[in-house]
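Summary of the model geometry
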Amino acid sequence: MIDTRTSQAPPAATPEAPLVDNFGREITYLRMSVTDRCDLRCVYCMAEDMTFLPRSEVLSIEELTELGRTFVAMGVRKLRITGGEPLIRKGILTLMQNLGSLQGLDELCLTTNGTHLAQHAGALKEAGVDRINISLDTLKPERFRSLTRFGDLNTVLDGIKAAKAAGFKRIKLNCVALKNRNADEADALVGFALEHGLDISFIEEMPLGAITEHGRAEEFVTSAEVRASIEQCYPLTPSSESSGGPARYWRHAGYDSRIGFISPHSNNFCASCNRVRLTATGRLLLCLGQEHSKDLRAVLRSPGFDSASLQQAIVEAIAIKPKEHTFDLAADAPQIVRFMNTTGG
Ligand code: SAM
Ligand code: SF4
């Protein structure tokens, strides 16, 4: 017999709050990949010779707008545009304007590698983008070139400067920490973030897609190890603040910057997951580390499409959101065959 004194049923989906999954988690955050293409080839994200999708398979700006509008009408309050590299997508500013004007949206965010930010930062701010995350794994030009296979660090540093000048608040740097390739720079990256008034998050590498340049297990370094090395220069105190995501934050006295750690391996955060991801081809992924998904492009492109059928498909998708990811670090082979650039990281 179930003991009703201690068991509490999770909240269920209702017509007013349709995006509640079977574990009582309300989905309020959608990450949308607008392209699988990129001007860099980061070693942990992509193979060197990638084959990209034919353009006809990628959602159009109108389709992306329709999806954003529908999710917001169904209770999503935060949208993050990502990729691939979103700033090389044709029509990106139009998309940002369309999404930036949606009633009911609290935050429109962008994740970018920063290489094209110097040209676009002002226009993105005007279009209604609230927050920007910029990937930065190293401050050494040669190392940047090797981690991205051919990138120029200065383009990213110029992009960061432009984002600050455009008035974006709480710009966040994202750094994927790799034991033998950049973990020794964690303190320098924190110093850079403190000096420039930026937040920074260190991410444990995830086994998405087959890569050749390093063994993922070999390069694995825990958030705790990265934090310990930072603390040799910058003592940190834990902070209870949350950005509604998986990062756990710390602060260094006297500075406004938040120093975050995203630890899919060492700290499983699935119980509070509030997000889903849309690939550039319109596949709605219910979990970063599982293959449960729904093809929303097929719904959008079906003859006689109407928004009720799209809403119904989204409700059905949320019902199959898995309880948790099951990344296994001991296995060096990819557990998920898709790369991060197609996933919408
Ligand atoms: N191109 C943009 C960028 O680099 O910021 C947006 C897309 S990128 C896929 C989004 C984020 O995913 C980046 O911060 C990147 O460092 C991170 N990322 C890529 N592959 C990853 C992996 N295998 N494990 C953990 N993070 C990864
Ligand atoms: Fe491109 Fe971002 Fe992947 Fe690097 S992490 S290859 S910048 S999509």
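Everything that follows concerns the structure shown earlier in this document.
The rules behind each value
- Residues numbered from 1 in each chain as written.
- Chains lettered and ligands numbered in written order.
- Predicted model: local features only at pLDDT ≥ 70, side-chain atom pairs only at ≥ 80, totals over all residues.
- Heavy atoms only, no water.
- Pairing = 2+ DSSP bridges.
- Helix = DSSP H or I, 4+ residues; strand = E, 2+ residues; numbered from the N terminus.
- Contact = heavy atoms within 4.5 Å.
- Axes fitted to C-alpha atoms, helices over the stretch in contact; angles between N-to-C directions.
- Near = heavy atom within 4 Å.
- Polar contact = N/O pair within 3.5 Å; in protein donor to acceptor, adjacent residues only side chain to side chain.
- Areas by Shrake-Rupley, 256 points an atom, 1.4 Å probe, with all protein chains shown as cover.

So, on to the sheet that holds strand β7 (residues 237-238). Pairing between sheet strands relies on hydrogen bonds along the backbone, with the strands arranged either parallel or antiparallel. Strand order in the open sheet made by the 12 strands is β7-β8-β9-β6-β5-β4-β3-β2-β1-β10-β11-β12, with mixed pairing throughout. Each of the sheet's edge strands pairs with one partner strand only, and the pair in question is β7 and β12 (293-295). Direction of pairing for strand β1 (residues 29-33) relative to strand β10 (residues 275-278): parallel, over a ladder of four bridges. The residue of β10 that forms the bridge with Arg31 is Arg277. Sitting on the sheet, helix α1 (residues 61-73) touches β1, β2 (78-82), β10 and β11 (283-285), and the angle it makes with β1 is about 175°. Seen against the sheet, helix α6 (residues 186-196) touches β5 (172-177), β6 (199-204) and β9 (258-262) and runs at an angle of roughly 155° to β6.

What follows concerns the site of ligand 1. Around ligand 1, 19 residues are found, and the nearest of them are Tyr44, Gly84, Glu85, Ser135 and Met206. One of the backbone N or O atoms of Gly84 is found 3.0 Å from a nitrogen atom in ligand 1. With respect to ligand 1, the backbone of Thr112 contributes an N or O atom lying 3.2 Å from an oxygen atom. Its free accessible area being 550 Å², ligand 1 has 96% of it covered by the protein chains. Only β3 (107-112), β5 and β6 provide two or more residues apiece to the shell around ligand 1.

It is worth stressing that arrangement in space is one thing and function is another; only the former is reported here.
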